[in-house]
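One letter stands for each residue in the lines below.
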Amino acid sequence: MKNVTIVKKEDCFGCTACKAVCKLNAISMVTDDEGFMHPIVDEHKCVECGACLHVCPALHRWKAEQCDNEYYAFQNQDQYVLSQSTSGGAFSALVHSVTEPYVCGCILDDNLYVKHILSNQSKDIEAMRGSKYVQSDMGDCFSQVKAKLTSGEQVIFTGTSCQVHGLLNYLRFFKIATNRLITVDLICHGVPSNLMHQEYVKFYEKTKGVKRGMHYFRTKRQGWGMRFILRNYEQTFVHSNQTFVHGIPSGDYTSQESQLYLNIFFSDLCLRSACYHCPYCTENKPGDLTLADFWGIEETDLSLVFPKGCSLIIARGKGIHMLENTLHGLHLNKEQIKVAKKYQLHLRRPVEYPDKRDAFWADYHRKGFQYVAHKYLRYGGKYKIIMLLYNIANHMTNKRIAQKLGSKLFY
């Protein structure tokens, strides 16, 4: 067959390039039993033109050829934006450095479903700020980006490297000029599905007896940086209207249930199959800019107030021009780059396929989320006691004991 049915399921990134390129609407994205989207071809509509084969990142694997990468540290000078951002507020600064852009990025909707939208509205763009550790639903964003570029608009696209690669392949197929497009990708650990996140949300609400709130995947309640370790990834669940104290969401951040998603993510049991052999685990990525936390900045001679958060930015091509002329990032020297790379494992290799992954999903389908939470995700009786002691140790700022207890609680 001359269509994407030849792509093995475990190789598909779910980027939607194949769906977007099909002029006959013969391809749709459907979720599999793990909640990840894959293309399905309507053979009655398909004329085997091969367009989908030309844009698929799984068939045209990313070749991480050496390019002129430049490394920068960045910290947003707007203290409110910095407090709201996962690391150093680079995304918000990038948006504000461009005149009236349309921004395509990831949000949590009212149902806590993770999806990409394209918008030039401030409220929507603010919702894109901050990490969401879920593979987003791309919807029709590729075709929307194409339409905006065709009409001469400036577009900023943010996503994982596979999503950026898929978009670039799609635009290249239609010979769309990309001089008004800025692509931003991430140093990515891998992505769980919306299904697993929705299961977590339902479990949280049922267990805690609350209605729909808001889930924050990262906060800086207890600071940021290497010395905070696990607390960098503190989850917060807000039960009603969003409330903030000095820019930090105020909600449940001490219960087992609020922190459970940390193990869903870092156990690596729930990641997309393609993540385990990801070709984008390299510093030579498809985006103009690559964003991450600058872990290890404490080991450098940079004088930033790093407990408030600092971004690591890898720039290439026109991304370098932006960093030096509009964003004004701090250019790193060789020693500082060495530190930055040291703590970014996924610039070198992807996560390994866990031995228990197949068993996890088999148990989930047979016995449900609560069962696998107890069996695989360190949830239940004894962990409730450890969580209590962990919270006490954090409150007393006893780092050594908190780390020891945290190692028993979290992956």
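Thresholds, definitions, all that
- Residues numbered from 1 in each chain as written.
- Predicted model: local features only at pLDDT ≥ 70, side-chain atom pairs only at ≥ 80, totals over all residues.
- Heavy atoms only, no water.
- Core = buried A, V, L, I, M, F, W, Y, C linked by side-chain atoms within 4.5 Å.
- Buried < 20%, exposed > 50% of the residue type's maximum accessible area, 1.4 Å probe, protein only.
- Contact = heavy atoms within 4.5 Å.
- Salt bridge = Lys/Arg side-chain N within 4 Å of Asp/Glu carboxyl O.
- Helix = DSSP H or I, 4+ residues; strand = E, 2+ residues; numbered from the N terminus.
- Patch = residues over 30% accessible without salt bridge, like charges linked within 9 Å, V, L, I, M, F, W, Y side chains within 5 Å.
- Areas by Shrake-Rupley, 256 points an atom, 1.4 Å probe, with all protein chains shown as cover.
- Polar contact = N/O pair within 3.5 Å; in protein donor to acceptor, adjacent residues only side chain to side chain.
- Arc of directions from axis to C-beta.
- Phe/Tyr/Trp six-rings, centres within 6.5 Å; stacked < 30°, edge-to-face > 60°.
- Lys NZ or Arg CZ within 6 Å of the ring centre and 35° of its normal.
- Lys, Arg positive; Asp, Glu negative; His and termini not counted.
- Charge placed at Lys NZ, Arg CZ, Asp CG, Glu CD.
- Pairing = 2+ DSSP bridges.
- Axes fitted to C-alpha atoms, helices over the stretch in contact; angles between N-to-C directions.
- Parallel < 35°, antiparallel > 145°, perpendicular 65-115°, else oblique.
- Left-handed = near helix turned anticlockwise from the far one by under 90°.
- Nonpolar A, V, L, I, M, F, W, Y, C, P; charged D, E, K, R; others polar.

(A) Representation of the nonpolar core in the model. Counting 60 residues, the largest nonpolar core has Tyr200, Phe294, Phe360 and Phe369 as its most contacted members. Filtering out sequence-adjacent residues up to four positions away, Phe369 remains in contact with Met196, Glu199, Tyr200, Phe203, Leu260, Ile264 and Tyr364. Within the second largest apolar cluster, 39 residues are counted, among which are Leu118, Val145, Leu168 and Tyr280.

(B) Structural context of the pattern of salt bridges. Summed over all chains, the structure comprises 14 salt bridges. Put simply, Lys208 and Asp252 hold a salt bridge, and the shortest N to O gap is 3.9 Å. Taken together, the residues Lys208 in helix 8 (residues 194-208) and Asp252 in the loop between strand 11 (248-249) and helix 9 (256-266) connect sequence positions 44 residues apart. Here Arg218 and Asp293 are joined by a salt bridge, their closest N and O atoms 3.0 Å apart.

(C) Structural detail: a nonpolar patch on the surface. Among the surface-exposed residues, Ile385, Leu388, Leu389, Ile392 and Met396 lie close enough to one another that they form a single nonpolar patch of about 510 Å² accessible area. Residue placement: Leu389 occurs in helix 14 (residues 381-395). You can call Leu389 partly exposed: its relative accessible area is 42%.

(D) Quick look at the environment of Asp185. Mapping Asp185 onto the fold places it in strand 7 (residues 181-186). Exposure remark for Asp185: the relative accessible area of 0% places this residue in the buried category. Leave out the neighbours within four places in its chain, and Asp185 touches Gly159, Thr160, Ser161, Val164, Lys285, Pro286, Gly287, Leu289, Thr290, Leu291 and Arg316. Only 3.0 Å separates the side chain of Asp185 from the backbone nitrogen of Gly287, close enough to count as a polar contact. Within the structure, the side chain of Asp185 is placed 2.5 Å from the side chain of Thr290, a separation counted as a polar contact.

(E) Molecular detail of helix 10 (residues 318-327). Those residues of helix 10 lying buried are Gly319, Ile320, Met322, Leu323 and Leu327. Seen end-on, helix 10 carries its buried residues on one side only, within an arc spanning 160°. At its buried positions, helix 10 is contacted by strand 3 (70-74), helix 4 (90-96), strand 7, strand 12 (289-293) and strand 13 (311-315). Of the residues one or two after helix 10, His328 is the one with positive phi, at around 55°.

(F) Local environment of the packing of aromatic side chains. Going through the model one piece at a time under the given rule, you end up with 25 aromatic pairs. Ring geometry for Tyr200 against Tyr204: centres 6.4 Å apart, planes inclined by 50°, an arrangement best described as tilted. With Tyr200 and Tyr204 both in helix 8 and 4 residues apart, the pair spans about one turn of that helix. Summarising the burial analysis for this pair, Tyr200 and Tyr204 share the class buried. In this structure an aromatic cluster arises from ring pairing among Tyr133, Tyr200, Tyr204, Phe217, Trp224, Tyr233, Phe237, Tyr261, Phe265, Phe266 and Trp295. Its guanidinium or amino end placed over the ring of Phe174, Lys146 lies 4.8 Å from that ring's centre, counting from NZ or CZ. Taking the ring centre of Tyr233 as reference, the NZ or CZ of Arg218 above it sits at 4.5 Å.

(G) Structural detail: a positive patch on the surface. Taken together, Lys382, Arg400, Lys404 and Lys408 make up a surface patch of like positive charges. Examining the composition of the positive patch, we find that 3 residues originate from one element, helix 15 (residues 399-409), more than from any other. The residue Lys404 is located in helix 15 in this model.

(H) Quick peek at unusual backbone geometry. For Asn25, which is not a glycine, the phi torsion comes out positive at approximately 55°. The phi angle at Glu48 is positive, at roughly 55°, despite the residue not being glycine. Following the sequence through the fold, Glu48 ends up in the loop between strand 2 (37-41) and helix 2 (51-55).

(I) The arrangement of the pairing of strand 4 (residues 102-108) in detail. Among the 7 residues in strand 4, 7 count as buried, and that is most of the element. The alternating pattern of strand 4 places Tyr102, Cys104, Cys106 and Leu108 and Val103, Gly105 and Ile107 on opposite faces, both of which are buried. Pairing analysis gives 3 bridges linking strand 4 to strand 6 (residues 155-158), with the strands arranged parallel. Bridge pairing in strand 6 links Cys104 to Phe157. With 6 bridges connecting them, strand 4 and strand 5 (residues 114-119) associate as antiparallel partners. Each bridged residue has a counterpart across the sheet, and for Ile107 the counterpart in strand 5 is Lys115. Counting the residues between successive antiparallel strands, the hairpin from strand 4 to strand 5 contains 5 residues, one of them, Leu112, with a positive phi of roughly 60°.

(J) A look at the packing of helix 8 against helix 9. At a minimum axis distance of 10 Å, the contact between helix 8 and helix 9 shows a crossing angle of 160°. As far as their axial angle goes, helix 9 and helix 8 are roughly antiparallel. Seen from above, helix 8 lies across helix 9 with right-handed handedness. Between helix 8 and helix 9, the residues in contact are Met196, His197, Tyr200, Phe203, Tyr204, Thr207 and Lys208 and Glu257, Ser258, Leu260, Tyr261 and Ile264, respectively. Broken down by class, the residue content of the contact of helix 8 with helix 9 amounts to 7 nonpolar, 3 polar and 2 charged.

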